[in-house]
Number of protein chains: 2
Amino acid sequence: MSVTVLAPATVANMVCGFDVLGFALAEPADTMHLRLTDTPGVTIINEDDFDLPTEPTRNVAGGALLALLREAPGVGIEVRINKAIRPGSGIGSSAASAAGAVVGANALLNNRFSKEDLVRFAMFGEEVASGVQHADNIAPCLYGGVTLIRSTAPLDIVPLPTPPLWVTVVHPQIEVKTADARAILKRQVPLPTAIRQWGNVGGLVAGLCLQDYNLIGRALEDFIVEPVRSILIPGFAEVKAASREAGALGGGISGSGPSIFMLSQEEATARAVAAAMQAVYDRLSIAQFTYVTRMNTEGVRVVRSTEQVEIPLF
Amino acid sequence: MSVTVLAPATVANMVCGFDVLGFALAEPADTMHLRLTDTPGVTIINEDDFDLPTEPTRNVAGGALLALLREAPGVGIEVRINKAIRPGSGIGSSAASAAGAVVGANALLNNRFSKEDLVRFAMFGEEVASGVQHADNIAPCLYGGVTLIRSTAPLDIVPLPTPPLWVTVVHPQIEVKTADARAILKRQVPLPTAIRQWGNVGGLVAGLCLQDYNLIGRALEDFIVEPVRSILIPGFAEVKAASREAGALGGGISGSGPSIFMLSQEEATARAVAAAMQAVYDRLSIAQFTYVTRMNTEGVRVVRSTEQVEIPLF
């Protein structure tokens, strides 16, 4: 028996919702083929050109699968990975590997684990990638749409209603180290600034729930993290201004960068935003990739199984 | 022509939503009778026993009406006030006077002003009360239900969907000066604490929009203001623990105190919470008033007009 899964890219740190709000993209997505093997343990086969480690303890999908197998002893899983999400892009490449792997493995195991279990397993994959177990990208990757991490201890993930939205992402070819992006943050926030930020968090969540695009746009403003982190991304201010000019509702840094995302209500706007972003980086002579895509609203998807026509995910 | 209005009590600083979330109570409410007079200006007549100033510039309703009359020159308004909301209780007594007065005056003037205008006028009333123009109580008093103040400059009020909820309020007979309650706040917040707080703000807004009572309960936690302000309210920790024990979803300090509010899903629970609160203050030999009430979902209400059967509010 084997399954194929599609694991979507994700945006964490959704503007004002630093560390709590994220969402999934319809594209790009990693494709992974998984099958049960007779030999207990994890086998990783990379079918892309990213040259990631195949030793399971050093591979993100491997770390997640090893965590799952600790609760499914004796099982052997082989995973062939075709990554489409570039590592280091800031759109949840490692989360897609981790979440995709455990959803695929769970499908092979008759979905014996809950979604909460899968989040837990996948966070071990994130630990391989960054040394830290976090669910910022795992949550939207597994649930789809916009997710709120209300609390990390205990972990409390709230999937939010997600109105139709288009996303434009630009990935400029520069490196932003997550460690640098962390180190640059101010450790103390003035209370009035924190209040403005949570006013926007409340506004953004309300805008999503009420499908109020104007409110979503007004609430997409970050007074705390973006002002310091955007310094690490050349062209950030220009991209933001040009995107708003082109009609975007708003947006900001994806994860800890370097990718920048913008939300739009219409596809045509999202494409105009992409052109505006490209123009900025062309002027700066910085190569970039851009994506224009809808939000993904279902999370990791099992697209093919040799023994079942359709596998209910959860 | 004359009108009678009912202006509800309100709770500002709704737990995690310090300075941004508030809501209106069905009871208690102030009753105000307003009529047009031939003499331009404002006449205040107090019909209760609170001995508040009748000089318009020193009276909260007067301050709000004078602001309105600056945009309706030549008009004369008399207001007779029967306050049921005790001044200094922390449940929006001054906001009720200000908001009730301008809604009544607007009804007499064929609703020539928008709701946004009325908020603006009523904030001058708050300035008479506390020296500061703020909308923390004005917004829920005028809109009803739970309101989010996403931003104060520019003022952006978002009325939220409000599921059926019962409210228990205890008003212990102690004095908490707003100035003291302000001075005790810490001016800087550690970033991780701010993140936990806005996770809860997002969770509370989502819980209200999705009618998810369990989520509302989980999100009703304040890591920033309550730990310092509750020191000013004897019995606070005991009231909170006893209320949760009695089945309340959660709650906290109303405004800057001394009142404490708790939300419940059922009336019976709300009454059990009231008994638990009373028991705490009886043990401490502190006199108190308690209220068990629904949320008010319509804001200030025009209940009677001599010349029209019903006045559309806005």
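Remember, it's a predicted structure, so these values are computed and weren't measured experimentally.

**Q** Got a minute to help me understand the overall build of chain A in this structure?
**A** Counting secondary structure elements, chain A contains 10 helices and 12 strands. For chain A, whose C-alpha radius of gyration is 19 Å, the value lies close to the compact-globule estimate of 20 Å for 314 residues. Evaluated residue by residue, chain A yields a buried proportion of 60% over its 314 residues. Of the roughly 11,900 Å² of accessible surface on chain A, a fraction of 50% belongs to carbon and sulfur atoms. Here chain A contributes 24 positively and 31 negatively charged side chains, and the mean placements of these two sets differ by 3 Å.

**Q** What should I look at first to understand the interface of chain B and chain A in this one?
**A** By a widespread convention, an interface's size corresponds to the accessible area lost as its parts come together. On the side of chain A, 37 residues touch chain B, which itself brings 38 residues to the contact. In total, about 2,800 Å² of surface goes out of reach between chain B and chain A, with carbon and sulfur atoms giving 71% of it. Of all residues in chain B, Arg-150, Leu-191 and Trp-198 of chain B give up the largest surface area on contact with chain A, accounting jointly for 27% of the area buried on that side. Summed over the shared surface of chain B and chain A, the result is two salt bridges.

**Q** I tried to follow the sheet that holds strand 11 (residues 288-294) of chain B on my own but got confused; where do I start?
**A** Two orientations exist for strands paired in a sheet by backbone hydrogen bonds: parallel and antiparallel. Residue and element names in this part refer to chain B. With antiparallel pairing, four strands are arranged side by side in an open sheet as 9-10-7-11. Of all strands in the sheet, those with a lone pairing partner are strand 9 (250-253) and strand 11, marking the two edges. Direction aside, neighbouring strands of the sheet carry axes that sit 15° apart on average. Judged from the four bridges that link them, strand 9 and strand 10 (residues 260-264) form a sheet pairing that is antiparallel. Note on strand 10: the bridge partner recorded for Gly-250 is Leu-263. Relative to the sheet, helix 9 (residues 236-245) contacts strand 7 (166-172), strand 9 and strand 10, its axis offset from that of strand 10 by approximately 10°.

**Q** What's the story with the UniProt feature "domain: GHMP kinase C-terminal" (unreviewed entry) in chain A in this structure? I'm lost.
**A** Residues annotated in UniProt with the feature "domain: GHMP kinase C-terminal" (unreviewed entry) correspond here to residues 205-282 of chain A. Within residues 205-282 of chain A, the helical portion is 55% and the strand portion 12%, while the C-alpha atoms at the span's ends are 35 Å from each other.

**Q** Help me understand the UniProt feature "domain: GHMP kinase N-terminal" (unreviewed entry) in chain A, please; the structure alone is not making it clear to me.
**A** As annotated by UniProt and renumbered to match this structure, "domain: GHMP kinase N-terminal" (unreviewed entry) occupies residues 60-145 of chain A. The distance from the first to the last C-alpha atom of residues 60-145 of chain A is 23 Å, and the span holds 56% helix and 8% strand.

**Q** Got a minute to help me understand the side chain of Ser-230 of chain B in this structure?
**A** Relative to the elements of secondary structure, Ser-230 of chain B occurs in the loop between helix 8 (226-229) and helix 9. For Ser-230 of chain B, the contacting residues outside a window of four places in its chain are Phe-236 and Ile-253 of chain B.

**Q** Any chance you could explain the environment of Arg-244 of chain A here in plain terms?
**A** Residues and elements named next belong to chain A. Within the secondary structure, Arg-244 sits in helix 9 (residues 236-245). Relative accessible area serves as the criterion here: at 35%, Arg-244 is assigned to the partly exposed category. Distance in space between the C-alpha atoms of Arg-244 and Tyr-291 is 17 Å, their sequence separation being 47 residues. Leaving out residues up to four positions away in the same chain, Arg-244 has contacts with Gly-217, Leu-220, Leu-249 and Gly-250. Reaching out from Arg-244, the side chain makes a polar contact with the backbone oxygen of Leu-220 at a distance of 3.1 Å.

Reading the values: the criteria
- Residues numbered from 1 in each chain as written.
- Chains lettered and ligands numbered in written order.
- Predicted model: local features only at pLDDT ≥ 70, side-chain atom pairs only at ≥ 80, totals over all residues.
- Heavy atoms only, no water.
- Helix = DSSP H or I, 4+ residues; strand = E, 2+ residues; numbered from the N terminus.
- Rg over C-alpha atoms; globule rule 2.2 N^0.38 Å.
- Buried < 20%, exposed > 50% of the residue type's maximum accessible area, 1.4 Å probe, protein only.
- Areas by Shrake-Rupley, 256 points an atom, 1.4 Å probe, with all protein chains shown as cover.
- Lys, Arg positive; Asp, Glu negative; His and termini not counted.
- Charge placed at Lys NZ, Arg CZ, Asp CG, Glu CD.
- Contact = heavy atoms within 4.5 Å.
- Buried area = accessible area lost by both parts, 1.4 Å probe.
- Salt bridge = Lys/Arg side-chain N within 4 Å of Asp/Glu carboxyl O.
- Pairing = 2+ DSSP bridges.
- Axes fitted to C-alpha atoms, helices over the stretch in contact; angles between N-to-C directions.
- UniProt positions renumbered as here; feature names shortened; annotations may be inferred.
- Polar contact = N/O pair within 3.5 Å; in protein donor to acceptor, adjacent residues only side chain to side chain.

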